[in-house]
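The primary structure of each chain is shown beneath.
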Amino acid sequence: MSTRRIVLSRSAAIVGAAATGWLLPATAGAQSAKLRVGLMLPYTGTYAQLGVAVENGVRMAIDQQGGKLGGREIEWFKVDDESEPSKAVENASKLVQRDKVQVLIGTVHSGVQMGIQKVARETGVLSLIPNAGAHAATRALCAPNVFRTSFTNAQITLALGPAMVARGHKKAVWITWKYAAGEEAFEGFKQSYPAAGGSIIKELGLPFPNVEFQALLTEIAALQPDAVACFFAGGGAAKFIRDYAAAGLKDKIALYGSGFLTEGVLDAAGPAADGIITTMHYSDSLDTPRNKQFRMEYAKTFRSQPDVYAMQGYDTGLLLVHGANAVQGDMEAKPALYRALESAVIDSPRGRWTMSRAHNPVQDIYLRRVENMENKVIGVAAKAQADSGAGCRMG
């Protein structure tokens, strides 16, 4: 999909000029020029609703701060990444080299993120990751200009193993899509579950985004584990939950997962999701004034309920506002900009979090159970949990 320019302005004259193809000059450090922000997110396919939620959150955070960044108006550029890794470098390069964005926000899919990471490292553009948990982005391929506002894939499942063993489930099957996010989520589970006293008796997988689960569910039934742990997200997660129940496993074998299993899909999953336990850095039901305010304002603005993707987009917007304000909109003042982002304390709907030295959030991980179509917090699985940042050497 070709890049589409979105121009936000309170001036009808400026909007009209933009529609005819005229652009304000993008001179580095020119504070009178609009700050050019690129959104590279999935707007089609299984992750489409996730991309929309991220964008909504980013825009809402900035609008709440007056709609500007460091006093500068914003010009938005968008590209649909289609959750397609093979197009990632090309798409990211269009935003950076053709559209001259000064900030690149993306993405959801970990494979696509690796393409963005390559472009970010080569060009030095400020890159903010609102979801993709690919380890390399804040481990071996970390960079001073790359900051993540979400999680690493293993960070979430590191808290899952002990929670399962504590509930007496000591023999488990792991199942996921065979792609980067699934493999890295398994890393956290593989580290935490045996360490807590559990045994992984089988690893099962299928290619992304295949949703034909029946053969694997039959195998799970034959193995008779105490529990199943998994990583799925989006529309595929809803189908897995429904198929799991339809196979007769729901009331026989406990189902656990990284929180993305039940995030944003409970309406689609229906009653089949009841009782599923997950670990996650956020929950709709967090009973704090900050979360209640966020949820009320999001629902009022977008006529829908926010999920973790919306929250992560919101925090990405908050981080960007913080950094841009610190340098008064001069995004070329990179040392000062990076220092501001590294030292930020984000007052988030998930709870306050800080940035690790590898530029990944240090945050609480909650234990949640689906009850009456809601992810209810039933405890804190891990306090101020950080990813290892293994291999990160900031240049």
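Residue positions are given per chain, counted from 1 along the sequence in the order it is written. Thresholds applied to this predicted model are a pLDDT of at least 70 for local features of residues and 80 or more for the giving and counting of side-chain atom pairs; totals over whole chains, interfaces and linings are not thresholded and use all residues. The basis for every side-chain value is the complete set of non-hydrogen atoms in the structure, without hydrogens or water.

Points about the packing of aromatic side chains
- Here is the rule: rings of Phe, Tyr and Trp (six-membered ring for Trp) pair when centre to centre is within 6.5 Å. Planes less than 30 degrees apart are stacked, more than 60 are edge-to-face, and the remainder are tilted. Tallying each qualifying case throughout the model produces 20 aromatic pairs.
- Ring geometry for tryptophan 174 against phenylalanine 189: centres 5.3 Å apart, planes inclined by 25°, an arrangement best described as stacked. Remark: phenylalanine 189 occurs in helix 7 (residues 180–195) and tryptophan 174 occurs in strand 7 (residues 171–178); sequence separation between them is 15 residues.
- Ring centres of tryptophan 177 and phenylalanine 232 lie 5.1 Å apart, and the angle between their planes is 90°; this geometry places the pair in the edge-to-face category. Here phenylalanine 232 lies in the loop between strand 9 (227–231) and helix 9 (234–246) and tryptophan 177 lies in strand 7, a separation of 55 residues in the sequence.
- Relative accessibility decides the category of a residue: with a 1.4 Å probe and only protein chains considered, values under 20% of the type maximum give buried, values over 50% give exposed, and everything between is partly exposed. Overall, the relative accessible area of 0% leaves tryptophan 177 in the buried class.
- Each residue in the set Tyr47, Phe151, Trp177, Tyr179, Phe208, Phe213, Phe231, Phe232, Phe240, Tyr244, Phe260 and Tyr309 is aromatic and connected to the rest through ring pairs, giving one cluster.
- A positively charged side chain is recorded as over a ring if its NZ (Lys) or CZ (Arg) lies within 6 Å of the ring centre. The angle to the ring normal must also be within 35 degrees. Lying across the ring of tryptophan 76, arginine 59 places its NZ or CZ 4.5 Å from the centre.
- Cation over ring: lysine 78 sits above tyrosine 43, and NZ or CZ is 4.5 Å from the ring centre. The numbering of helices and of strands both runs from the N terminus, where a helix is a DSSP run of H or I of at least 4 residues and a strand a run of E of at least 2.

Some thoughts on helix 4 (residues 110–123)
- Here helix 4 spans 20 Å end to end across 14 residues, near enough to the 20 Å set by a 1.5 Å rise per residue.
- All buried positions along helix 4 are accounted for by Ser110, Gly111, Val112, Gln113, Gly115, Ile116, Gln117, Val119 and Ala120.
- Looking at the residues trailing helix 4, positive phi occurs at glycine 124, about 80°. Expected span of a helix, by definition, is 1.5 Å for each gap between consecutive residues, and there is one gap fewer than residues.

Quick look at the packing of helix 12 (residues 308–326) against helix 13 (residues 334–342)
- To define axes, lines are fitted to C-alpha atoms, for helices over the stretch in contact only, and angles between the resulting N-to-C directions are given on a 0 to 180 degree scale. Between helix 12 and helix 13, the shortest axis-to-axis distance is 8 Å and the interhelical angle comes to 140°. Compared by their axis directions, helix 12 and helix 13 come out oblique. Here helix 12 runs over helix 13; the crossing is right-handed. Within the contact between the two elements, helix 12 uses Leu319, His322, Gly323, Ala324 and Ala326 and helix 13 uses Leu337, Ala340 and Leu341.
- Grouping the amino acids of the contact of helix 12 with helix 13 by side-chain chemistry returns six nonpolar, two polar and no charged. For classification, angles of less than 35 degrees are called roughly parallel, those exceeding 145 degrees roughly antiparallel, those between 65 and 115 degrees roughly perpendicular, and all remaining angles oblique. Put simply, a crossing is left-handed when the front helix is turned counterclockwise from the back one by less than a right angle, and right-handed when it is turned clockwise. The contact definition used throughout considers only heavy atoms, calling two residues in contact when any of these lie within 4.5 Å. All amino acids are sorted into three groups, where Ala, Val, Leu, Ile, Met, Phe, Trp, Tyr, Cys and Pro are nonpolar, Asp, Glu, Lys and Arg are charged, and the leftover types, Gly among them, are polar.

Observations regarding the side chain of threonine 262
- In this structure, threonine 262 sits in the loop between strand 10 (254–258) and helix 10 (266–269).
- Within the structure, threonine 262 has its side chain in polar contact with the side chain of asparagine 375 (distance 2.8 Å). Pairing of N or O atoms within 3.5 Å defines a polar contact, subject to two protein rules: one partner must be a possible hydrogen donor and the other a possible acceptor, and residues neighboring in sequence count only if both atoms are side-chain atoms.

Things to note about empty space enclosed by the protein
- With a 1 Å grid laid over protein atoms only, a set of points is called a cavity when a 1.4 Å probe fits there but cannot get out and a pocket when it is open yet has protein on both sides within 12 Å along at least five of seven lines; lining residues have an atom within 4 Å of a point. Grid points are joined across faces, edges and corners, and a volume is the space filled by probe spheres set on the points. Under the counting rule described, the total for this entry stands at two cavities of 30 Å³ or more.
- The space that makes up the largest cavity amounts to roughly 100 Å³.
- The wall of the largest cavity is formed by 16 residues, among which Tyr47, Val108, Asn131, Tyr179 and Phe231 lie closest to the centre.

Regarding the nonpolar core
- Among the nonpolar cores identified, the biggest contains 100 residues, and Leu126, Phe232 and Phe240 are the most heavily contacted of them.
- Among the elements that line this core, the one with the most residues is helix 12, at ten residues.
- When residues no more than four places from it in sequence are discounted, the contact partners of phenylalanine 240 are Ile175, Phe213, Leu217, Cys230, Phe232, Leu255 and Leu261.
- Phe77, Val101, Ala143 and Val146 belong to the second-largest nonpolar core, a separate cluster that totals 19 residues. Take the buried Ala, Val, Leu, Ile, Met, Phe, Trp, Tyr and Cys residues and link them wherever side-chain atoms come within 4.5 Å; each set so joined is a nonpolar core.

Read these as geometric descriptors, not functional statements.
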